[in-house]
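Observations on the model geometry
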Amino acid sequence: MAPPMSAGAFLDALRNEGVSVVEVGDWREHNRNHKGPWGPVHGVMIHHSVTHGTGATVRICYDGRPDLPGPLCHGVITKDGTVHLVGHGRANHAGLGDDDVLRAVIAEKALPPDNEANTDGNRHFYGFECENLGDGEDPWPEAQLEAIEKVAAAVCRRHGWSERSVIGHAEWQPGKVDPRGFTMGWLRERVRDRLK
């Protein structure tokens, strides 16, 4: 069982991995903890935002939408590779997912197909939204891909996890497709190499 990092430790972990970080508003206190616990944490979940533009993406992820209050993640990774911290604590990013997937993440084993939505993922995962339309055509600049790799590795390094603790939203919740435009297997290989 891993307790979540403090806000300061989270910031330090990202910076120590070479991530360019912007702190947004009162991100250290911005969370949904009144809706349920955060932790123990078991992994890092990667999303695409279905948005365009840094300002709009960060604003939506911080404030949320009429149907889903913010924060919608812990960090927003924009096209230029900057990570905008928008929350610390429980965030509305993972939703309900498959308990078999969670068990595989905890055991750091290959993921089974996600065919249930019976487990609260917001409690157990750090979440990063990546600025991308998610249409399979919007490009993923190398600076952004490198930042995704770095943030995932930073969290894994701090907790002593392997690359198997990094999953995509599509691997957690049936019907989700994100992140679209690269494979999680490819990302996990990059994280594995960085953690060596």
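Residues numbered from 1 in each chain as written. Predicted model: local features only at pLDDT ≥ 70, side-chain atom pairs only at ≥ 80, totals over all residues. Heavy atoms only, no water.

1. Some thoughts on the layout of surface pockets
- For the largest pocket, the calculated volume is near 400 Å³.
- As for the largest pocket, its lining consists of 22 residues, and the residues nearest its centre are Arg-65, Leu-68, Glu-129, His-169 and Lys-176.
- Mapped onto the lining of the largest pocket, the elements with two or more residues apiece are β2 (43-48) and α2 (54-63). (1 Å grid on protein atoms, 1.4 Å probe; cavity = no way out; pocket = protein on both sides within 12 Å on 5 of 7 lines; lining within 4 Å. Points joined across faces, edges and corners; volume = space filled by probe spheres on them. Helix = DSSP H or I, 4+ residues; strand = E, 2+ residues; numbered from the N terminus.)

2. Re the nonpolar core
- Membership of the largest hydrophobic core comes to 37 residues, with the highest contact counts inside it found for Phe-10, Ile-46, Tyr-126, Phe-128 and Ile-148.
- Residue assignment for this core shows that the elements contributing at least two residues are α1 (7-16), β2, β6 (82-85), β9 (125-130), α4 (142-159) and α6 (184-195).
- Apart from the residues within four sequence positions on either side, Ile-46 is in contact with Phe-128, Cys-130, Ile-148, Val-166, Ile-167, Gly-168, His-169, Asp-178, Pro-179, Phe-182, Met-184 and Leu-187.
- Counting residues in each nonpolar core, the second largest holds eight residues, with Ala-94, Val-101, Val-105 and Ile-167 among its members. (Core = buried A, V, L, I, M, F, W, Y, C linked by side-chain atoms within 4.5 Å. Buried < 20%, exposed > 50% of the residue type's maximum accessible area, 1.4 Å probe, protein only. Contact = heavy atoms within 4.5 Å.)

3. Some words on the sheet that holds strand β10 (residues 166-168)
- Pairing in this open sheet of six strands is mixed, and the strands run β1-β6-β5-β9-β2-β10 from one edge to the other. In the strand order of this sheet, the two ends are held by β1 (20-23) and β10, each with one partner. Strand-to-strand twist across the sheet, computed as the mean angle between neighbouring axes with direction ignored, equals 30°.
- Here α1 sits on the sheet in contact with β1, β6 and β9, set at roughly 150° to β1. (Pairing = 2+ DSSP bridges. Axes fitted to C-alpha atoms, helices over the stretch in contact; angles between N-to-C directions.)

4. Concerning the environment of Ser-6
- Within the fold, Ser-6 resides in the segment before α1.
- Taking the C-alpha atoms as reference points, Ser-6 and His-88, separated by 82 residues in sequence, lie 8.2 Å from one another.
- In this structure the side chain of Ser-6 is engaged in a polar contact, spanning 3.1 Å, whose partner is the backbone nitrogen of Ala-9. (Polar contact = N/O pair within 3.5 Å; in protein donor to acceptor, adjacent residues only side chain to side chain.)

Remember that the coordinates give geometry; whether it matters functionally is a separate question.
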